[in-house]
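The chain contents come next:
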Number of protein chains: 2
Amino acid sequence: WRARTQCEVLQYVILKWTFAFLVGLFTGLVGIIINVAVENIAGAKLMYTAKLIYSNQLVLAFSLVTGCNVVLVLCSALLCVYLGPAAAGSGIPEVKAYLNGVDAPEILSPKTLFVKVLGSIGSVAGGLYVGKEGPLVHIGACIASLLGQGGSRKHHLTFSWLRLFKNDRDRRDLVTCGAAAGVAAAFRAPVGGVLFALEEAASWWRSSLLWRTFFTTAVVAVVLRLGSNWCRVGHCGLFGKGGLIMFDVSKGSSTYGFPELFAVMILGLSGGILGSLFNALNTRICIFYAKNFNLKGPAAKIFLACFVAVVTSVCCFGLPWLAPCRPCPQLTLPYECPTYDRSGNFKSFHCPTGQYNDLAGLVFTTNDDAIRNLFSTGTQKEYHYTSIIIFFVASYIMALLTYGIAVPSGLFIPVILCGATYGRLIGMLSTTMYDLKGLDEGVYAVLGAAAFLGGSMRMTVSLCVILLELTNNLSMLPLIMLVLLASKTVGDSFNMAIYNLHLKIKGFPILEAHPEPFMHQLTARDAVKSPLVKFSPVERVGNVMHILRTTKHSAFPVIEEPLSPKATFAGLVLRSHLLILLKKKDFYFTRSSSTMSCRKISSGEFAKPGSGKGLTIEDIEVTPEEEDMYVILHPIINASPYTVLDTMSLAKAYTLFRQLGLRHICVMPRKPEGEPILGILTRHDFMHDHLLSIHPHLRSSLLKDRSFLRQASSDRHP
Amino acid sequence: WRARTQCEVLQYVILKWTFAFLVGLFTGLVGIIINVAVENIAGAKLMYTAKLIYSNQLVLAFSLVTGCNVVLVLCSALLCVYLGPAAAGSGIPEVKAYLNGVDAPEILSPKTLFVKVLGSIGSVAGGLYVGKEGPLVHIGACIASLLGQGGSRKHHLTFSWLRLFKNDRDRRDLVTCGAAAGVAAAFRAPVGGVLFALEEAASWWRSSLLWRTFFTTAVVAVVLRLGSNWCRVGHCGLFGKGGLIMFDVSKGSSTYGFPELFAVMILGLSGGILGSLFNALNTRICIFYAKNFNLKGPAAKIFLACFVAVVTSVCCFGLPWLAPCRPCPQLTLPYECPTYDRSGNFKSFHCPTGQYNDLAGLVFTTNDDAIRNLFSTGTQKEYHYTSIIIFFVASYIMALLTYGIAVPSGLFIPVILCGATYGRLIGMLSTTMYDLKGLDEGVYAVLGAAAFLGGSMRMTVSLCVILLELTNNLSMLPLIMLVLLASKTVGDSFNMAIYNLHLKIKGFPILEAHPEPFMHQLTARDAVKSPLVKFSPVERVGNVMHILRTTKHSAFPVIEEPLSPKATFAGLVLRSHLLILLKKKDFYFTRSSSTMSCRKISSGEFAKPGSGKGLTIEDIEVTPEEEDMYVILHPIINASPYTVLDTMSLAKAYTLFRQLGLRHICVMPRKPEGEPILGILTRHDFMHDHLLSIHPHLRSSLLKDRSFLRQASSDRHP
């Protein structure tokens with residue numbers, strides 16, 4: 001692109017910002033659509049059920065809840081299993097993997113986008129213990145990716161003027177913006193979205209990206225604001241104030257001293273333990289699901305999803321009966337007691353007039369409303385110990401069981417829900433048993449949510465800002481920081497963050513930020529595959545075809561031998577470029593054809609294709625006559641790839657590979673004898689398991705390292 | 001350090017976190033000390049002057065103000081000129097340069113720290129239009145650097161157990177924490193501090209650093225909270241609620257529609273213009289100062305500082321006489337009118353009872369209080385147009401004149417002051433002339449401050465978060481984002497951010513994030529210096545001494561020639577390591593001494609020295625006999641430096657150099673003939689001016705590029 005004119009540069013810049021704008025716009029709109037749909041479906045379901053309970057038709061009420069939930073979850077699971085399997089789960093691991101450079105097909109395809117939107121409406125409205133937040137991040141990334149590719153070639157939606165974006169980095173930048181927009185749309189947290197993209201999603205970060213991501217999330221914020229203003233007038237059915245989650249606890253702050261800090265510290269530490277326990281158990285459950293259901297075909301997956309939906313419905317309808325009716329407390333506005341409607345803190349459920357069921361306010365409602373109730377301030381002694389404990393156990397178990405089934409399912413909401421319940425419990429203990437009046441129970445609930453999020457997801461600044469933007473109370477900042485510090489530290493000493501665990505389960509070849517310690521004991525030469533497959537600058541077509549068919553390498557070195565006294569490394573050619581060259585059939589009869597004659601290939605043709613597989617060797621048909629002709633590789637040779645000396649420590653080579661986001665490194669000999677190039681290192685050559693399999697002696701030395709110290713030292717620099 | 005034991009790793013990890021804690025603790029304490037000192041000195045000065053004015057002793061009052069200011073500024077300037085010249089100015093450019101890899105001596109030395117603390121007390125208390133925010137960033141960085149070096153060797157404060165931190169990256173990480181702590185201490189903005197370090201200060205960023213920086217700023221937040229609680233009881237003299245700046249505008253938000261958004265947009269755009277104009281004028285003034293004062297010796301510098309102090313005092317005392325006395329409005333608490341004390345919105349100054357002077361509330365007060373008055377909500381029509389316009393012009397001019405004199409001077413406060421005044425003006429216009437009641441005048445003032453900051457400093461997310469944390473009003477987020485987007489975009493089309501301009505003026509060899517476009521037209525070979533100075537693995541001492549004396553290179557290639565058919569590149573040796581080796585006088589009589597005998601050098605001896613100059617060649621004395629002996633370089637050879645092929649585009653080599661934070665890249669020949677290494681590229685070889693001086697033909701092609709497009713394309717990837 002060195003040859004681009006100023007006009008093209010200008011076009012590029014304008015396009016870049018237009019795309020950032022469009023990503024924000026579309027993600028915001030999709031966020032509103034999902035919210036409106038969920039609130040209307042779930043709201044209608046709960047309203048009719050509440051009416052049936054009020055008129056004492058309990059069996060009918062139970063059937064209605066269960067029926068609705070199963071149908072909704074079934075639809076979601078059917079879509080997920082048959083149309084877009086990549087849409088299952090939260091989607092954040094997939095986005096992380098893509099931004100780390102893993103080009104798995106379908107991760108960000110239009111199908112996945114479609115399934116993710118409809119599926120998450122189904123699973124959230126179906127009452128499962130899942131959120132729409134993770135899926136929104138994935139949706140934002142999908143939208144960004146589709147825009148960046150200029151639509152989908154498969155679905156005939158391409159635009160030639162989007163040609164400028166046909167490279168990895170531009171797409172990755174756009175997808176980063178998309179992920180940020182997703183968080184911004186999910187939590188109404190524009191700054192939190194930027195920080196999430198920075199801290200959790202992106203593997204490479206540039207300062208200019210911060211600015212563009214910020215623009216995207218600002219667009220999302222404006223879209224959401226306009227959308228919720230429009231809905232407030234009554235255009236969106238049951239979607240009221242609740243819709244876009246926003247838990248206002250701005251009244252809950254007051255002065256606090258050391259006893260409160262002590263309680264908060266305990267909350268943080270125990271939250272870290274429970275959060276990491278969640279990670280450990282959920283990982284095991286997911287592996288169990290994978291072995292016993294996913295391998296047995298689509299029917300088993302769908303059965304599992306429906307089973308979880310039934311169990312959830314039983315919880316939703318059955319648990320409130322465990323709690324006795326309590327008389328309504330004397331409260332000021334805005335609390336009403338009891339409410340017969342779908343929202344409100346004090347649900348009537350089956351109780352007589354003037355009484356309420358505290359558990360119903362938590363389980364017989366949407367997750368967003370349950371969280372809002374837990375976070376509500378000025379509602380001391382609303383919940384009883386047994387109710388809170390029952391709900392905590394139920395939500396913890398259900399969250400564990402649900403994340404892993406074949407529906408789009410976010411993790412934020414269930415973790416926040418468990419954490420808020422736990423926090424409220426601690427808050428009730430400290431305000432009543434130890435008589436600490438400094439902090440409201442609602443504030444403890446927020447801190448509990450922070451503790452669980454920190455213990456499970458291990459984000460720091462981004463979580464902190466998301467929670468602040470959610471709760472609209474800046475004075476809680478030091479407390480949230482304290483809790484996050486405690487819970488993350490405790491969690492890190494047990495296991496990895498849940499998204500990283502899921503990345504491992506899914507088997508994506510992720511490049512961690514730092515090399516593994518054992519890589520210091522290897523040199524670049526130790527990781528090189530042999531034998532080396534190489535080309536000449538002018539190569540027989542049959543040879544090229546044969547090599548492409550028999551190997552799976554994505555790049556090949558080109559070696560020049562003709563006139564110089566020694567063979568010289570000419571550069572690197574990519575498999576994808578070779579395939580395009582072969583497809584063009586620009587072949588010659590002799591080796592000596594001038595290189596001038598073939599310089600008619602425009603760079604656009606070599607642009608990276610979209611998320612599909614692109615050309616494969618099977619797509620190319622070559623006649624036997626053509627096989628004996630020659631193809632000139634000069635125009636596609638990358639004459640200056642990044643190189644390392646063979647004596648360089650593998651850890652150093654890894655750093656180069658990872659920091660620059662490379663796909664190939666050439667290993668050059670330090671001594672000029674022998675081959676001019678020893679080999680090519682790719683992502684797979686740096687994988688932990690691969691290296692250990694070719695150097696088994698490292699395994700023993702590795703066992704001596706304990707996980708804590710390994711982590712500590714991988715935290716350090718190469 | 002490959003050989004470190006687990007125990008050492010543990011020690012390292014503990015040390016790392018302890019340092020992060022200590023940096024937060026000390027920075028927080030210094031922040032409190034500076035605040036208490038400034039509030040007491042400036043408060044006493046203003047209080048006595050107000051009393052003198054009240055008793056109508058105007059000449060005495062004027063002499064008191066002027067005398068105090070000149071003495072305070074004089075002390076500050078004397079310290080700055082004679083003891084620590086590096087402490088002049090804001091310090092943020094210096095911290096940026098250090099974190100970019102510029103090892104200028106004295107930037108972070110103990111002397112600089114000392115002068116910065118005392119000097120900024122003097123200059124802020126002396127009434128200058130400067131802030132303590134930038135200096136606090138520098139102070140945080142100095143504290144971190146001193147801790148990281150294990151004290152100062154020059155001042156005999158070293159600790160041997162801090163040996164583990166003797167490398168560039170660990171120190172840079174710690175200094176990043178220090179910079180974040182500085183912002184956190186300055187604005188009571190822990191999250192904003194982290195983001196500032198990320199967006200503005202650091203050139204390299206790692207995810208684990210985010211976490212540690214966050215910890216540091218959390219410590220600062222706790223220290224500040226404890227400190228201000230302690231002060232509230234009355235332990236800190238005049239330091240009251242005002243002290244640590246915190247401008248609460250949480251009551252100023254309300255609904256706003258498109259007319260308000262239009263006004264805000266205009267505010268953002270014009271703020272961008274005025275902000276970039278500020279940058280342009282201030283740069284010219286600084287160059288003027290440098291030519292006409294700084295070159296004429298210390299006396300001229302001190303005279304300039306005192307002159308500015310006198311002009312500031314005249315403004316402070318003289319301007320209020322331009323505004324007529326106005327009757328006090330009927331206001332609710334917490335406003336009192338008029339006040340005779342040092343703070344409060346409605347200053348009596350010389351007015352009769354029941355009247356106030358609106359200009360006195362802005363100029364005859366500390367800058368923090370003036371900002372607080374401008375930001376105050378619910379005080380419509382407090383200021384008159386003429387007063388606001390007079391103050392805007394005065395503060396804009398004074399801020400321009402002040403930043404550049406030889407005292408520690410932060411830029412945040414003057415820019416916020418100008419911006420808030422301008423914003424209040426726009427707010428007054430839109431609320432009274434166009435009758436837009438949606439936003440409070442105080443909110444417009446905050447947005448004006450955002451517009452000026454965005455237009456001058458060009459930060460985005462960090463400024464946004466700092467302003468949110470300062471004003472404690474999350475609902476202003478979309479407005480602040482909008483203003484920042486507008487003002488930064490406008491500003492970027494005129495010139496660079498002010499800190500970057502000052503970096504250029506100071507001549508630090510900064511590596512920008514992206515290569516210049518013209519670098520794509522050069523190859524690595526084009527940038528190589530010739531002739532190449534090289535060593536053999538076993539070298540004559542006289543030779544080494546001669547080369548070290550006659551060149552200034554910081555690294556030399558070692559070439560092996562003995563047995564192999566061709567010369568081989570053995571690796572790189574650093575000048576600093578050579579000096580240490582020579583200092584040890586581990587010399588041999590023959591070339592063939594076994595390399596085994598010299599393996600007794602511990603890695604600790606080769607640790608990077610502190611901020612001082614370290615060993616120089618002048619420190620080493622070698623007798624003529626020793627000159628004929630040999631020194632074995634094997635133990636200090638870095639056998640696997642990062643390399644590039646000579647045909648690689650310079651832009652690609654730059655990316656490698658910049659992203660990995662290297663100090664040297666070896667340029668290797670692609671063809672195996674000739675020398676085994678062509679040269680070494682260092683930071684200076686990548687400098688814009690250097691490259692243009694050796695390739696003058698690029699200058700002409702560069703002129704065709706307009707600055708806008710250059711910036712746009714440098715924004716893109718290599």
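The preceding data block contains the structure.
Counting of residues starts from 1 at the beginning of each chain's written sequence and follows it residue by residue. Chains and ligands are labelled sequentially in the order written, the chains with letters from A and the ligands with numbers from 1. Since the coordinates come from a predicted model, pLDDT governs what is reported: local features require at least 70, and pairs of side-chain atoms require 80 or more to be given and counted, while whole-chain, interface and lining totals use all residues. Hydrogen atoms and water are omitted, and side-chain values are computed over all heavy atoms in the structure.

1. Considerations on the overall build of chain A
Stage number 1. A run of H or I in DSSP counts as a helix once it spans at least four residues, and a run of E counts as a strand once it spans at least two, with each numbered from the N terminus. Counting its secondary structure elements, chain A contains 26 helices and 9 strands.
Stage number 2. Only heavy atoms matter for contacts: two residues are in contact if any of them lie within 4.5 Å across the pair. Contacts in chain A between residues far apart in sequence, at least 24 positions, make up 78% of those at least 6 positions apart.
Stage number 3. Surface accessibility in these figures is a Shrake-Rupley result with a 1.4 Å probe; residues are shielded only by whichever protein chains are displayed. Element-wise, carbon and sulfur atoms account for 63% of the exposed surface of chain A, whose accessible area totals about 27100 Å².

2. Examining the side chain of A:Asp368
Stage number 1. Relative to the assigned elements, A:Asp368 resides in helix H12 (residues 367-375).
Stage number 2. Side-chain polar atoms of A:Asp368 contact the side chain of A:Lys132, separated by 2.9 Å. Side-chain atoms alone can form a polar contact between residues adjacent in sequence; in general such a contact is a pair of N or O atoms within 3.5 Å, and within protein one must be able to donate a hydrogen while the other accepts it.

3. Points about the relation of the copies chain B and chain A
Stage number 1. Residues reaching a pLDDT of at least 70 in both copies supply the C-alpha atoms on which the copies are superposed by least squares. For the match of chain B to chain A, the screw axis carries a shift of 0.0 Å, the RMSD comes to 0.1 Å, and the turn is 180°. The symmetry that links the two subunits is that of a two-fold axis.

4. Details of the interface of chain B and chain A
Stage number 1. Each partner contributes to the interface: chain B provides 86 residues, whereas chain A provides 87 residues.
Stage number 2. Each salt bridge in this description consists of a side-chain nitrogen of Lys or Arg and a carboxyl oxygen of Asp or Glu lying within 4 Å of one another. Here chain B is connected to chain A by 0 salt bridges.
Stage number 3. At the junction of chain B and chain A, the tally comes to 8 residue pairs in polar contact (both at pLDDT 80 or more).
Stage number 4. Element by element, the count of residues in the side of chain B that touches chain A is highest for helix H8 (residues 207-235) of chain B, at 9 residues.
Stage number 5. Three classes are used, and their members are as follows: Ala, Val, Leu, Ile, Met, Phe, Trp, Tyr, Cys and Pro are nonpolar, Asp, Glu, Lys and Arg are charged, and the others, Gly among them, are polar. Of the residues contributing to the side of chain B that touches chain A, the split by class is 43 nonpolar, 21 polar and 22 charged.

5. What to know about the packing of helix H17 (residues 477-492) of chain A against H8(B)
Stage number 1. Contact pair H17(A) / H8(B): the axes reach a minimum separation of 10 Å and the direction vectors enclose 140°. For the element pair H17(A) / H8(B), the angle class is oblique. In this structure, H17(A) crosses over H8(B), and the sense of that crossing is left-handed. Residues A:Met481, A:Leu484, A:Leu485, A:Lys488, A:Thr489 and A:Asp492 of H17(A) pack against B:Trp211, B:Phe214, B:Phe215, B:Thr217 and B:Ala218 of H8(B). For helices, the fitted axis covers only the stretch in contact; all axes are lines through C-alpha atoms, and the angles between them, taken along N-to-C directions, range from 0 to 180 degrees. Convention used here: angles under 35 degrees read as roughly parallel, angles over 145 as roughly antiparallel, angles from 65 to 115 as roughly perpendicular, and any remaining angle as oblique. In this scheme the crossing of two helices becomes right-handed for a clockwise turn of the near helix relative to the far one and left-handed for an anticlockwise turn of less than a right angle.

6. Regarding the nonpolar core
Stage number 1. Among the nonpolar cores identified, the biggest contains 305 residues, and A:Phe375, A:Phe412, B:Phe375 and B:Phe412 are the most heavily contacted of them.
Stage number 2. Once you skip the residues sitting within four places of it in the chain, A:Phe375 turns out to touch A:Phe247, A:Val249, A:Ile416, A:Ala420, A:Arg424, A:Gly442, A:Ala445, A:Val446, A:Ala449 and A:Thr471.
Stage number 3. Counting residues in each nonpolar core, the second largest holds 53 residues, with A:Leu656, B:Leu511, B:Met519 and B:Ala651 among its members. We define a nonpolar core as any set of buried Ala, Val, Leu, Ile, Met, Phe, Trp, Tyr and Cys residues linked to one another through side-chain atoms lying within 4.5 Å. Throughout this description, buried means an accessible area under 20% of the type-specific maximum (1.4 Å probe, protein chains only), exposed means over 50%, and partly exposed covers the range between.

7. What about the pairing of strand S8 (residues 665-668) of chain A?
Residue and element names in this part refer to chain A.
Stage number 1. Covered by surrounding structure in S8 are Ile665 and Val667 together with Cys666 and Met668, the residues of both alternating faces.
Stage number 2. Strand pairing follows a simple DSSP-based rule, namely that at least 2 bridges must link the two strands. With 3 bridges joining them, strand S7 (residues 643-645) and S8 adopt parallel strand pairing. The residue bridging Leu645 from the neighbouring strand is Met668, located in S8.
Stage number 3. Taken together, S7, helix H23 (residues 650-659) and S8 constitute a β-α-β crossover, and its handedness is right-handed.
Stage number 4. One ladder, built from 3 bridges, connects S8 with strand S9 (residues 679-681); its direction is antiparallel. Across the sheet, residue Val667 finds its bridge partner in S9, namely Gly679. If you view a crossover with the strands going away from you and the path from the first strand over the helix to the second runs clockwise, you call it right-handed.

8. Here's the deal with a nonpolar patch on the surface
Residues and elements named next belong to chain A.
Stage number 1. Exposure above 30% relative accessible area and no salt bridge define the residues that can form patches, which grow by joining like charges within 9 Å and nonpolar side chains of Val, Leu, Ile, Met, Phe, Trp and Tyr within 5 Å. Where nonpolar side chains cluster on the molecular surface, the patch consists of Phe62, Val310 and Val314 and spans about 200 Å² of accessible area.
Stage number 2. Residue position: Val310 is located in helix H10 (residues 298-318).
Stage number 3. The exposure class assigned to Val310 is partly exposed, which follows from its relative accessible area of 34%.

9. Some details on the state of the cysteines
Residues and elements named next belong to chain A.
Stage number 1. Any cysteine sulfur atom paired with another within 2.5 Å is treated as part of a disulfide. Evaluated as defined, the whole model comprises 2 disulfides over all chains.
Stage number 2. Here Cys325 pairs with Cys351 through a disulfide, and the sulfurs are 2.0 Å apart. Here the S-S torsion is close to -90°, and the disulfide linking Cys325 with Cys351 is therefore left-handed. Here the residue Cys325 occupies a position in the loop between H10 and strand S1 (326-327), and Cys351 occupies one in the loop between S1 and strand S2 (355-356), the gap between them amounting to 26 residues.
Stage number 3. For Cys325, a relative accessible area of 25% puts it in the partly exposed group.
Stage number 4. No disulfide involves Cys142; its sulfur sits 12 Å from that of Cys80, the nearest cysteine.
Stage number 5. Owing to a relative accessible area of 0%, Cys142 belongs among the buried residues under this scheme.

10. A short note on the environment of A:Leu83
Residues and elements named next belong to chain A.
Stage number 1. Tracing the backbone shows Leu83 in helix H2 (residues 58-83).
Stage number 2. C-alpha of Leu83 to C-alpha of Gly679: the two residues are 596 residues apart in sequence and 41 Å apart in space.
Stage number 3. Once residues lying within four places of it in the same chain are set aside, the contact partners of Leu83 are Leu78, Lys111, Phe114 and Val115.

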